[in-house]
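# Remarks on the overall topology
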Amino acid sequence: MGKLDGKVAVITGATSGMALAGAKLFAQEGAYVFITGRRQDALDDAVQHIGRNVTGVLGDAANLDDLDRLFATVEQQKGAIDVLWASAGVGAQSKLGEITEEHFDAAFSLNARGTLFTVQKALPLFNDGGSIFMTGSNASLRGFPDWSVYAASKAVLPAFARVWVAELRDRRIRVNVLTPGQVSSPMMEEVMTDEMKAQFESVIPRRAMGRPEEIASVALFLASDDSSYVNGMELVADGGATVI
Ligand SMILES: NC(=O)c1ccc[n+]([C@@H]2O[C@H](COP(=O)([O-])OP(=O)(O)OC[C@H]3O[C@@H](n4cnc5c(N)ncnc54)[C@H](OP(=O)(O)O)[C@@H]3O)[C@@H](O)[C@H]2O)c1
């Protein structure tokens, strides 16, 4: 028996990295999974990689019309949602003094605004007792130089979660934040310089970055009844980088 048998899960930004690993695990655990991303070829590859019980929906999680199309597709195909993992996010470095409006707007329009509207637009389809979680970042918990805009755009998520827990209490919908540390997703590997990688690894007690599968198993915990008494929390999975 799977931990998500009969559940319908929606995961944004899931054609790569942690969310793709999570989507595959959710499907293996019995869920039907809707995944999103902006590139059709990557979406097709991800659907093929997951193999079964999956639909790919093309769309930008910062675009409200695309979110409407996503949830219209879910409603048409399955009628309801049990699990939402709002994972789509962007991160780039910029030093204080060099931050541009474009840099600020790109981070906040997806990480903060897009995440909020993803949750809000999913709610009418949500079954009572469901689980919502959003991808934060441990960049919001420490002072990593040059990451202030990204850190701040992720720092709003635990605040959203606390208030939404209160607002959704009568529907027994749980809301949490999954906060990874440095994880070597394919896209991270592409943009990371050797210097950045060394800097990331230096703050992790085991001196090795996380793997997407190590975050997928945390996501499964938050999605399933294993976390039935975890609500309004920020679950940090960063190998201990934040505590030392
Ligand atoms: N990797 C890390 O070290 C790390 C650490 C802490 C937090 N995070 C957060 O974890 C999440 C996933 O990161 P990752 O490194 O695992 O992923 P990743 O390998 O960078 O992949 C990002 C995924 O999101 C999709 N995506 C990007 N922008 C999108 C948008 N506007 N709308 C819909 N989909 C979008 C991408 O596909 P398309 O390009 O086709 O849209 C891709 O599927 C992000 O929120 C990130 O900020 C990452």
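Data block above holds the structure.
Since this is a predicted model, take the numbers as computed values, not measurements. All residue numbers refer to positions counted from 1 along the written sequence of the respective chain. Where local features are concerned, this predicted model is filtered to residues with pLDDT of at least 70; where side-chain atom pairs are given and counted, the filter is 80 or more; whole-chain, interface and lining totals use all residues. Calculated side-chain values reflect all of the structure's heavy atoms, with hydrogen atoms and water omitted.

## Notes on the layout of surface pockets
Here is the rule: Of the two site types, the cavity is a set of points on a 1 Å grid over the protein atoms alone where a 1.4 Å probe fits but cannot get out, and the pocket is an open set with protein on both sides within 12 Å along at least five of seven lines, each lined by residues with an atom within 4 Å of a point. Grid points are joined across faces, edges and corners, and a volume is the space filled by probe spheres set on the points. To qualify as a helix, a DSSP run of H or I must reach at least 4 residues; to qualify as a strand, a run of E must reach at least 2; elements of each kind are numbered from the N terminus. Each residue is assigned to one of three groups, with Ala, Val, Leu, Ile, Met, Phe, Trp, Tyr, Cys and Pro labelled nonpolar, Asp, Glu, Lys and Arg labelled charged, and all others, Gly among them, labelled polar.
Space inside the largest pocket adds up to approximately 1200 Å³. Contributing to the lining of the largest pocket are 41 residues, with Gly 89, Val 90, Gly 91, Ser 185 and Met 187 lying nearest its centre. When residues of the lining of the largest pocket are traced back to their parent elements, those giving at least two are helix H1 (17-28), strand E2 (32-37), helix H5 (148-167), helix H6 (186-191) and helix H7 (194-202). Looking at the lining of the largest pocket residue by residue, the class counts come to 19 nonpolar, 18 polar and four charged.

## Description of the packing of aromatic side chains
Defined as follows: Between 30 and 60 degrees the pair is tilted, below 30 it is stacked and above 60 it is edge-to-face, where a pair is any two Phe, Tyr or Trp rings, Trp via its six-membered ring, whose centres lie within 6.5 Å. Residue exposure (1.4 Å probe, protein chains only): buried if accessible area is under 20% of the type maximum, exposed if over 50%, otherwise partly exposed. By definition, being over a ring means that NZ of Lys or CZ of Arg is both within 6 Å of the ring centre and within 35 degrees of the ring normal.
Per the stated rule, a full pass over the model turns up six aromatic pairs. A centroid spacing of 5.3 Å and a plane angle of 55 degrees characterise the contact between Tyr 32 and Phe 34, whose relative ring orientation is tilted. The class of Tyr 32 is buried, set by a relative accessible area of 17%. For Phe 34, a relative accessible area of 0% translates into the label buried. Between Phe 104 and Phe 108, the ring centres sit 4.3 Å apart and the planes meet at 15 degrees, which makes this aromatic pair stacked. Placement of the pair is Phe 104 and Phe 108 together in helix H4 (residues 101-122), with a separation of four residues, close to one helical turn. By relative accessible area, Phe 104 is classed as partly exposed at 38%. One aromatic cluster is present, built from ring pairs that chain together Phe 26, Trp 85 and Phe 133. Above the ring of Tyr 32, the side-chain terminus of Lys 78 is found at 4.3 Å from the ring centroid.

## Concerning empty space enclosed by the protein
All chains considered together, the criterion is met by one cavity of 30 Å³ or more. Within this model, the largest cavity holds a volume of roughly 50 Å³. Every residue lining the largest cavity is listed: Thr 36, Val 57, Leu 58, Gly 59, Asp 60, Ala 61, Asp 66, Leu 67 and Leu 70. Put simply, the parts of the chain that give the lining of the largest cavity at least two residues each are strand E3 (54-58) and helix H3 (64-77). No other element matches the three residues that H3 contributes to the lining of the largest cavity. The residue makeup of the lining of the largest cavity, split by class, is five nonpolar, two polar and two charged.

## Some details on the nonpolar core
The condition is simple: Residues grouped as a nonpolar core are buried Ala, Val, Leu, Ile, Met, Phe, Trp, Tyr and Cys residues, joined through side-chain atoms within 4.5 Å. Any two residues whose heavy atoms approach within 4.5 Å are treated as being in contact.
Ranked by size, the top nonpolar core spans 32 residues in total, and within it Ile 11, Phe 26, Val 33, Ile 35, Trp 85, Phe 133 and Leu 178 carry the most contacts. If one sorts the elements of this core by residue count, H1 sits on top with eight residues. Ignoring any residue separated from it by four or fewer positions in sequence, one finds Phe 133 in contact with Phe 26, Val 83, Leu 84, Trp 85, Ala 86, Asn 176, Leu 178, Ala 219, Leu 222 and Ala 223. Residues Val 74, Ala 86, Phe 160 and Ile 173 belong to the second largest nonpolar core, which totals 28 residues.

## Observations concerning the site of the ligand
Convention followed: Throughout, near means a residue has at least one heavy atom within 4 Å of the molecule or strand. Any pair of N or O atoms that falls within 3.5 Å is considered a polar contact. Within protein, one atom must be able to donate a hydrogen and the other to accept it, and sequence-neighbouring residues count only if both atoms are side-chain atoms. Criterion for pocket placement: a molecule counts as inside a cavity or pocket if more than half of its atoms are within 2 Å of its grid points.
In the vicinity of the ligand lie 28 residues, with Thr 15, Ser 16, Arg 38, Tyr 150 and Ser 185 positioned nearest. Backbone polar atom of Ala 61 to a nitrogen atom of the ligand: 2.7 Å apart, as the coordinates give it. Within the contact set of the ligand, an oxygen atom lies 3.3 Å away from a backbone nitrogen or oxygen of Gly 89. In this structure the site holding the ligand corresponds to the largest pocket.

## Thoughts on the environment of Gly 22
When you line up the elements, Gly 22 lands in helix H1. Given a relative accessible area of 0%, Gly 22 falls into the buried group. In the structure, Gly 22 is positioned 198 residues away from Leu 220 in sequence and 7.1 Å away in space, judged by C-alpha atoms. Ignoring sequence-local partners within four residues, the contact set of Gly 22 consists of Ile 11, Trp 85 and Ala 216.

## Considerations on helix H2 (residues 40-50)
Selection criterion: Working note: the arc is built from the helix axis to C-beta atom directions.
Every buried residue of H2 is accounted for by Ala 42, Leu 43, Ala 46 and Ile 50. Considered in projection along H2, the buried side chains sweep an arc of 100 degrees and stay on one side of the axis. Exposed side of H2, more than 90 degrees from the buried face: Asp 41, Asp 45 and Gln 48 are the residues found there. Turning to H2, the residues buried within the fold contact H1, E2 and E3. Positioned one or two residues after H2, Gly 51 has a phi angle of 95 degrees, which is positive.

## Things to note about the packing of H4 against H5
Stated precisely, the cut-off is as follows: Orientation is described by lines fitted to C-alpha atoms, with helices fitted over the stretch in contact, and by angles between N-to-C directions that extend from 0 to 180 degrees. Orientation categories follow fixed angle ranges, with anything under 35 degrees roughly parallel, anything over 145 roughly antiparallel, 65 to 115 roughly perpendicular, and all other angles oblique. Crossings are sorted by hand: turned counterclockwise from the far helix by less than a right angle, the near helix makes the crossing left-handed, and turned clockwise it makes it right-handed.
Between H4 and H5, whose axes approach to 9 Å, the crossing angle comes to 20 degrees. One way to sum up the angle between H4 and H5 is to call them roughly parallel. Between H4 and H5 the crossing geometry is right-handed. Of H5, the residues touching H4 (which contributes His 103, Phe 104, Ala 107, Phe 108, Asn 111, Ala 112, Thr 115, Leu 116 and Val 119) are Val 149, Tyr 150, Ala 152, Ser 153, Lys 154, Val 156, Leu 157, Phe 160 and Trp 164.

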